[in-house]
Every structure is written in C-alpha cells, then in structure tokens.
Amino acid sequence: MMPKSTLHEPTDTSHNVDPSEIAKFERAASRWWDANGEFKPLHQMNPVRANFIDRLSHVAGKKTLDVGCGGGLLSEALTHRGAEVTGIDMGKAPLEVARMHAEQSGLTINYHQTTAEEHAHNNANTYDIVCSLEMLEHVPDPQSVINACATLVKPGGSVFFSTLNRTPMAYLIAVLGAEYIANLLPRGTHDYTKFITPAELSHACRQTGLSVKKITGLSYNPLTQKFKEADTVAINYIIHAVKQSPH
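Just so it is clear, the model here is predicted, and its values are computed rather than measured.

The strand order across the open sheet built from 8 strands is β3-β2-β1-β4-β5-β8-β6-β7, with neighbouring strands paired in mixed fashion. Looking along the sheet, the strands with just one partner apiece sit at the ends: β3 (110-113) and β7 (226-230). Between one strand axis and the next, the sheet turns through 20 degrees on average, direction left out of account. Pairing of strand β1 (residues 63-67) with strand β2 (residues 84-89) involves 5 bridges; the strand directions are parallel. If you follow Asp66 over to β2, its bridge partner there is Gly87. Against the sheet, helix α6 (residues 142-152) contacts β1, β4 (127-133), β5 (153-164), β6 (210-221) and β8 (236-243), and its axis sits at roughly 150 degrees relative to β5.

Right, dumping it as structure tokens:
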C-alpha cells in the first residue's frame, strides 16, 4: 500500500526545514561541482531541465528564482541562457560553493540563505519564473513551499517543480538502485515516503492558483549516462505551471 500524500496545509511556515536534510547537503557541498561525484545525477539531469524551462518560458532577460539552489547548477545554467537569477537555499556551505563557482565563472547571480516562505514574505509577485527542482521531497511541508512559489511569481509567470514520483519503480531505481546497488548516491539521500505523485503535486498547485500546463517525465539511459524527456512519469518528472492573473 502506498503511503498517504505528503502534501498538507502548512502549519509553521517559518521553520519548514529538516535539519538532517540540510546537514546531508552541507557535508557534500565541496563536491557539488564534481560531475563524477554524488551529485552526478544532478549534473546529468541539469541540461534537460534547463532546456525544458527555457523552451517553455524563454528565460533570457527574465527575473528568475531558483528555490533550493544548492551549489548553483541550475542557477548557472539559466544565467548562461540570459536569465537574471536569484538563488536561495538554507545550506550555508552549498551557497558558499555556489558563490565561489559563479565568481570563477564570471557570472552574476544573487545568492541568499533563506527559505522560500521567508523570501516570499517580502518579494510577492516579483519573479517572472520560479523554479524548485528536486527539493520538495526534502522538506517537511512541500505544500508550504508550493504556496511560497505561487506568491513569489508574477501573475502570468511560470513555476517549475521537479521531484520523484511515489511508485514502486521509483523506489526500485532511485532508492535501491542508485543508493544501495550502484552507489550513485549516498545511502539515505531519499526517503520514499516523501516522494510525491503528479496528481498530488497538480492538486497542490491548483490550491495556490497555479494552472498546470505540462507534465513530462525524465528517463535515464545507463548506456549513454544521460537523461532525456520521456512520456513516462514513473520515476522523475517535471511540472510547468502558470500563475493565473486576477480577473
């Protein structure tokens, strides 16, 4: 039997942080830009996700927010495409790595240590594009993050979420396969009970005034070691939603 939905109405949105999750990424921060380290799957996935976002929202010149930016993989990819990027995260060490790498790359990216909820408090209707990729499954209250993203984006603007589907296939591949068999990720990286189905995520978006426009899967080819967009959403998937304009 599948666990109940992990999405619920937010309670204390100022502390929507799991210290153990933050510590996990703090410990690995120095290896964030090692394309062959534990973040290798993110490096492999990043071009596909950036292409998806740019194709649907044309990021050049757009004020863009990367929620849960970590070491800055997506932030830099979108900056290279002409976006004006702000990245936020609660991990101090990953943000230091992100700032250093951006400086070494000659890129201007605004990084801040804060939560989505705190940032939304003073920046409502500010961004043309808001992205929160591979983050919802790492916070205690994903609905609270979704609400904040909906607050942060301008009416008519785009929001992108990517996460893992809560299916037996996702457990087999993303947890057992990646963490315990192939050792692609440190054990304990993912908690299967926190995975979110597309139906749950779509419902959560609608609750905040976001209209889901497209859902596509991401599939991995172990031979080419590359991700690509796919029809199946059985494991990884990404959602594009648009904030409805007030009538």
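What follows picks up the thread again.
Enumeration according to the criterion identifies 5 aromatic pairs in this entry. Relative to Phe195, the ring of Tyr192 lies with its centre 5.5 Å away and its plane at 70 degrees, an arrangement referred to as edge-to-face. The two residues Tyr192 and Phe195 agree in class, both being buried. A centroid spacing of 4.9 Å and a plane angle of 45 degrees characterise the contact between Tyr220 and Phe227, whose relative ring orientation is tilted. Lying across the ring of Tyr127, Lys63 places its NZ or CZ 5.8 Å from the centre.

A surface patch of nonpolar side chains, amounting to about 540 Å² of accessible area, comprises Met169, Tyr171, Leu172, Ile173, Leu176 and Ile181. You can see Ile173 is positioned in helix α7 (residues 168-181). With a relative accessible area of 41%, Ile173 lands in the partly exposed category.

The contact between helix α2 (residues 40-57) and helix α3 (residues 73-80) brings their axes to 10 Å, and the two run at 40 degrees. By the angle between their axes, α2 is oblique relative to α3. In this structure, α2 meets α3 at a crossing whose hand is right-handed. Residues Leu42, His43, Asn46, Arg49, Ala50 and Ile53 of α2 pack against Leu73, Leu74, Ala77 and Leu78 of α3. Here the residues of the contact of α2 with α3 are counted per class, giving 7 nonpolar, 2 polar and 1 charged.

Basis of the calculations
Residues numbered from 1 in each chain as written. Predicted model: local features only at pLDDT ≥ 70, side-chain atom pairs only at ≥ 80, totals over all residues. Heavy atoms only, no water. Pairing = 2+ DSSP bridges. Helix = DSSP H or I, 4+ residues; strand = E, 2+ residues; numbered from the N terminus. Axes fitted to C-alpha atoms, helices over the stretch in contact; angles between N-to-C directions. Contact = heavy atoms within 4.5 Å. Phe/Tyr/Trp six-rings, centres within 6.5 Å; stacked < 30°, edge-to-face > 60°. Buried < 20%, exposed > 50% of the residue type's maximum accessible area, 1.4 Å probe, protein only. Lys NZ or Arg CZ within 6 Å of the ring centre and 35° of its normal. Patch = residues over 30% accessible without salt bridge, like charges linked within 9 Å, V, L, I, M, F, W, Y side chains within 5 Å. Areas by Shrake-Rupley, 256 points an atom, 1.4 Å probe, with all protein chains shown as cover. Salt bridge = Lys/Arg side-chain N within 4 Å of Asp/Glu carboxyl O. Parallel < 35°, antiparallel > 145°, perpendicular 65-115°, else oblique. Left-handed = near helix turned anticlockwise from the far one by under 90°. Nonpolar A, V, L, I, M, F, W, Y, C, P; charged D, E, K, R; others polar.

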